[in-house]
Amino acid sequence: LERKRNDAKEKFKDKDNWIKSLKITTTFRSIKNFQRAEELFSRTNQFNTNGIRYTVNDLKKLLKMNYKILEISVIDKFGDYGIISYVIIKVERDKFIVTDFILSCRVFKRFVEETILYFIKKQFAKKTGYINFKTTKKNKYSKKFLENSKFLKKSSNKSFKILENFNFKIVDKKIIKVKDLSNIK
């Protein structure tokens, strides 16, 4: 399937049209598959904003402490990527903090990273948002993404502020479709 996706990419001069041709749907839900979450947290290095290896028990404890955990899956016209991301969010009265954001390398550079950020910011539009980040030996890709994102501004050595009123045409124009099954508000 990946070969078909890359072959399709060769037919397009710009990334937006290639992404549109893939007919990507990103589905957001509250965590259901704790085993997959533990697996992804233990194996994801390149896009892991904190390098923490959560177990099923750790994740269940976070939920009891009123953290929100998003489970994100992606499908395109070539097939189902399955669950490709988990995001842990601490919600406070006037702000929210993305404490952990992991993403499978299988969907890099398809605007999925941006779509996830955009979705989260829309859910908590009236709150100030931050993403915590801790450099590890292997998470250079996530660091580069965060530093270069037009939606973020570095606020300290360990966090990035999500800009207030950003728009993302890829989602707004439905180039990437978003399904919200999360109930995280």
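Scroll up to find the structure.
An account of the accompanying structure is given in this report. (Residues numbered from 1 in each chain as written. Predicted model: local features only at pLDDT ≥ 70, side-chain atom pairs only at ≥ 80, totals over all residues. Heavy atoms only, no water.)

1. Details of a positive patch on the surface
Going by this rule: Patch membership requires over 30% relative accessible area and the absence of a salt bridge. Like charges are linked within 9 Å, and nonpolar side chains (Val, Leu, Ile, Met, Phe, Trp, Tyr) within 5 Å. Every accessible area reported is derived by Shrake-Rupley at a probe size of 1.4 Å, with residue values counting cover from the shown protein chains alone. The term salt bridge refers to a side-chain nitrogen of Lys or Arg lying within 4 Å of a carboxyl oxygen of Asp or Glu. Two residue types count as positive, namely Lys and Arg, and two as negative, namely Asp and Glu; His and chain ends fall outside the count. Positions of charges follow a simple convention, taking NZ of Lys, CZ of Arg, CG of Asp or CD of Glu. Each helix is a run of H or I in the DSSP string that is no shorter than four residues. Each strand is a run of E no shorter than two, and both are numbered from the N terminus.
Together, K11, K20, K23, K77, K173, K174 and K177 line one region of the surface with positive charge. When you line up the elements, K174 lands in the loop between α7 (169-172) and β8 (177-181).

2. Observations concerning the pattern of salt bridges
Side-chain pairs of opposite charge can arise where the charged atoms are in close proximity. Selection criterion: The classification of residues rests on relative accessible area computed with a 1.4 Å probe and restricted to protein chains. Under 20% of the type maximum is buried, over 50% is exposed, and intermediate values are partly exposed.
Overall, the coordinates contain 10 salt bridges when judged by the stated rule. Salt-bridge contacts for E39 lead to R36; the nearest nitrogen and oxygen are separated by 3.4 Å. In this pair, E39 and R36 both sit in helix α3 (residues 34-43), 3 residues apart, roughly one turn of the helix. With relative accessibility at 31%, the residue E39 sits in the partly exposed group. One salt bridge connects E39 with R43, and the closest N-O pair in it is separated by 2.6 Å. One end of the pair, E39, and the other, R43, are both in helix α3, 4 residues apart, so they sit about a helical turn from each other. Take R43: its relative accessible area is 58%, and that puts it in the exposed class. One salt-bridge network, held together by shared partners, links E2, R5, D76 and R110.

3. Brief notes about the packing of α3 against helix α4 (residues 56-64)
For clarity, the threshold we go by: Orientation is described by lines fitted to C-alpha atoms, with helices fitted over the stretch in contact, and by angles between N-to-C directions that extend from 0 to 180 degrees. Any angle from 65 to 115 degrees is called roughly perpendicular, while one under 35 is roughly parallel, one over 145 is roughly antiparallel, and all others are oblique. In this scheme the handedness of a crossing depends on how the near helix is turned from the far one: anticlockwise by less than a right angle means left-handed, clockwise means right-handed. Every residue pair with non-hydrogen atoms within 4.5 Å of one another is taken to be in contact. Note on residue classes: Ala, Val, Leu, Ile, Met, Phe, Trp, Tyr, Cys and Pro are nonpolar, Asp, Glu, Lys and Arg are charged, and everything else, Gly too, is polar.
The interhelical angle for the contact between α3 and α4, taken along N-to-C directions, is 110°, at an axis separation of 9 Å. Relative to α4, the element α3 lies roughly perpendicular. Note that α3 runs across α4; the crossing there is right-handed. Contacts between α3 and α4 involve F34, Q35, A37, E38 and F41 from the former and V56, L59, K60 and L63 from the latter. In the contact of α3 with α4, the residues fall into 6 nonpolar, 1 polar and 2 charged.

4. Focus on the sheet that holds strand β1 (residues 25-30)
Formally: Pairs of strands are assigned from DSSP output, requiring at least two bridges between the strands.
Spatial ordering of the open sheet is given by β6-β7-β5-β4-β3-β2-β1-β8, a layout of 8 strands whose pairing is mixed. Only two strands of the sheet have a single partner each, and these edge strands are β6 (152-156) and β8. The sheet shows a mean angle of 30° between the axes of neighbouring strands, direction not considered. Here 4 bridges tie strand β4 (residues 95-103) to strand β5 (residues 128-132), and the two strands are oriented parallel to one another. What sits directly across from I97, in β5, is Y130.

5. Focus on the pairing of β1
As paired elements, β1 and strand β2 (residues 67-76) share 6 bridges and run antiparallel to each other. Among the inter-strand pairings, S30 is bridged to a residue of β2, identified as L70. Two elements, β1 and β8, share 5 bridges in a ladder whose sense is parallel. Bridging from a neighbouring strand, F28 pairs with D180 of β8.

6. Quick notes on the nonpolar core
Our working rule: Side-chain atoms within 4.5 Å link the members of a nonpolar core, which is a set of buried Ala, Val, Leu, Ile, Met, Phe, Trp, Tyr and Cys residues.
In terms of nonpolar packing, the biggest core is built from 43 residues, with L70, V87, I89, L103, I116 and I120 touching the most fellow members. The set of elements that each furnish at least two residues to this core consists of α2 (15-22), β2, β3 (79-91), β4, α5 (112-123), α6 (140-148), β7 (159-162) and α7. For L70, the residues in contact, after removing those within four places along its chain, are F28, R29, S85, Y86, V87, I89, F119, I120, S182 and I184. In terms of nonpolar packing, the next biggest core, distinct from the first, is built from 15 residues, Y67, I69, Y86 and I102 among them.

7. A closer look at the side chain of S85
Operational definition: Between N or O atoms, a polar contact is any pair within 3.5 Å; within protein, one atom must be a potential hydrogen donor and the other a potential acceptor, and residues adjacent in sequence are included only when both atoms are from side chains.
Following the sequence through the fold, S85 ends up in strand β3. A residue is classified by how much of its surface remains accessible, and S85, at 0% relative accessible area, is buried. From its side chain, S85 meets the backbone oxygen of I102 in a polar contact 2.6 Å long. If near-sequence neighbours (up to four positions away) are discounted, S85 is found in contact with L40, L70, E71, I72, F101, I102, L103 and I116.

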